[in-house]
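Residue-level structure breakdown
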Amino acid sequence: ELKVEQNPLFLSMQEGKNYTIYCNYSTTSDRLYWYRQDPGKSLESLFVLLSNGAVKQEGRLMASLDTKARLSTLHITAAVHDLSATYFCAGETSGSRLTFGEGTQLTVNP
Amino acid sequence: DTAVSQTPKYLVTQMGNDKSIKCEQNLGHDTMYWYKQDSKKFLKIMFSYNNKELIINETVPNRFSPKSPDKAHLNLHINSLELGDSAVYFCASSPPGTGNQYFGAGTRLSVL
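What you see is a predicted model; the values in this text were computed from it and never measured.

**A closer look at the interface of chain B and chain A**
Taken together, the contact pairs 20 residues of chain B with 20 residues of chain A. The contact between chain B and chain A buries some 1,600 Å² in all, and 49% of this surface belongs to carbon and sulfur atoms. Per-residue buried area on chain B facing chain A is highest for Lys-41, Leu-43 and Phe-103 of chain B; these three make up 30% of the total on that side. Linking chain B with chain A are one salt bridge. Close ionic contact of Glu-58 of chain B with Arg-97 of chain A constitutes a salt bridge, the shortest N to O distance being 2.4 Å. Residue assignment for the side of chain B that touches chain A shows that the elements contributing at least two residues are strand E4 (31–37), strand E5 (43–50) and strand E6 (53–57) of chain B. Ranked by residues supplied to the side of chain B that touches chain A, first place goes to E4 of chain B with three residues.

**Notes on the pattern of salt bridges**
Applying the stated criterion to the full structure yields seven salt bridges over all chains. Residue Asp-38 of chain A pairs with Arg-36 of chain A through a salt bridge whose shortest N-O separation is 2.8 Å. The shortest N-O distance in the salt bridge between Asp-30 of chain B and Lys-71 of chain B comes to 2.8 Å. A residue pair is termed long-range when its members are at least 10 positions apart, and Asp-30 of chain B in the loop between strand E3 (19–25) and E4 and Lys-71 of chain B in the loop between strand E7 (64–70) and strand E8 (73–78) qualify at 41 residues.

**Structural notes on the state of the cysteines**
All names here are of chain B. Applying the stated criterion across every chain, the model contains two disulfides over all chains. Between the sulfur atoms of Cys-23 and its disulfide mate Cys-91 the distance is 1.8 Å. In this structure the cystine formed by Cys-23 and Cys-91 twists about its S-S bond by roughly -75 degrees; its chirality is therefore left-handed. With Cys-23 in strand E3 and Cys-91 in strand E9 (residues 87–94), the pair connects residues that are 68 residues apart, well separated along the chain. The pair Cys-23 / Cys-91 is uniform in exposure class, with both members buried.

**Structural notes on the sheet that holds E7 of chain B**
Residue and element names in this part refer to chain B. Overall, antiparallel pairing links the four strands, which are arranged E1-E3-E8-E7 in an open sheet. Looking at strand neighbours, the two that pair on one side only are strand E1 (4–7) and E7, the edges of this open sheet. Neighbour-to-neighbour, the strand axes of the sheet open up by a mean angle of 20 degrees, direction not taken into account. The pairing of E3 with E8 spans four bridges and is classified as antiparallel. From the neighbouring strand, Ser-20 faces E8, where its bridge partner is His-77.

Rules behind the numbers
Residue numbers run consecutively from 1 along every chain, following the written order of its sequence. Following the order in which they are written, the chains are lettered starting with A and the ligands numbered starting with 1. Reporting of local features is limited, given that this is a predicted model, to residues whose pLDDT is at least 70; pairs of side-chain atoms are given and counted only at 80 or more, and all residues count toward the totals for whole chains, interfaces and linings. As a rule here, side-chain values come from all non-hydrogen atoms in the structure, and water together with hydrogens is ignored. Residue contacts are counted whenever heavy atoms from the two residues lie within 4.5 Å of one another. Throughout, buried area stands for the accessible area (probe radius 1.4 Å) lost by two parts on being put together, summed over both. Salt bridge criterion: a side-chain nitrogen from Lys or Arg within 4 Å of a carboxyl oxygen from Asp or Glu. Secondary structure elements follow DSSP: runs of H or I of four or more residues count as helices, runs of E of two or more count as strands, with numbering from the N terminus. Note on terminology: pairs of cysteine sulfur atoms within 2.5 Å are recorded as disulfides. Here's how the labels work: a residue is buried when its accessible area is under 20% of the maximum for its type, exposed when over 50%, partly exposed in between, all with a 1.4 Å probe on protein chains only. Each pair of strands is called paired provided DSSP finds at least two bridges between the two strands. Here the axes come from fitting lines to C-alpha atoms, over the contacting stretch only for helices, and the angles between their N-to-C directions go from 0 to 180 degrees.

Bear in mind that shape data such as this cannot, by itself, settle questions of function.
Dropping the structure here:
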């Protein structure tokens, strides 16, 4: 059974700073996803990482995947307040089943 | 146009009641899901249907029964509601061969 762990679970950072959220998973996963959830809102897909060494970037967010280490990272560059949200990683196994991490609640302070 | 729509958005009800949540997707996806998000924001899959066929059925009380009349709809019926059922329930769908899921806005269920 796939287990997904994120850290940190809570992150408070200043605008303009960089930080990384880590996502470890326990067994082979077909794909790795990152989602964003704003308070009281739905989940929005950010990145799909398909293979070892995959790197994807969108604005100030960059996601990477190391399948050998069973690790994905979400790197935030020069954070802005608008990035405040909860970020989830999820691993995919057979049947398109997603197992989600606990989520990282990010607060970017002005 | 909303891709995955759930109704109602909010549901407040008494313990012991029976309630339903409806979900519809207009993306042409074959697979639909129900998730429960608890107060700590933990998301756990409950059910998944592929083209009206149940493919994932997690350890969920029998009081929860999904129904998929066609591949665009997946409804969730809950009998004899309990306090612990209070949560946000999300519907999602995905295209064939991928778990890249599109989520509805969620239904916040409060059982009093």
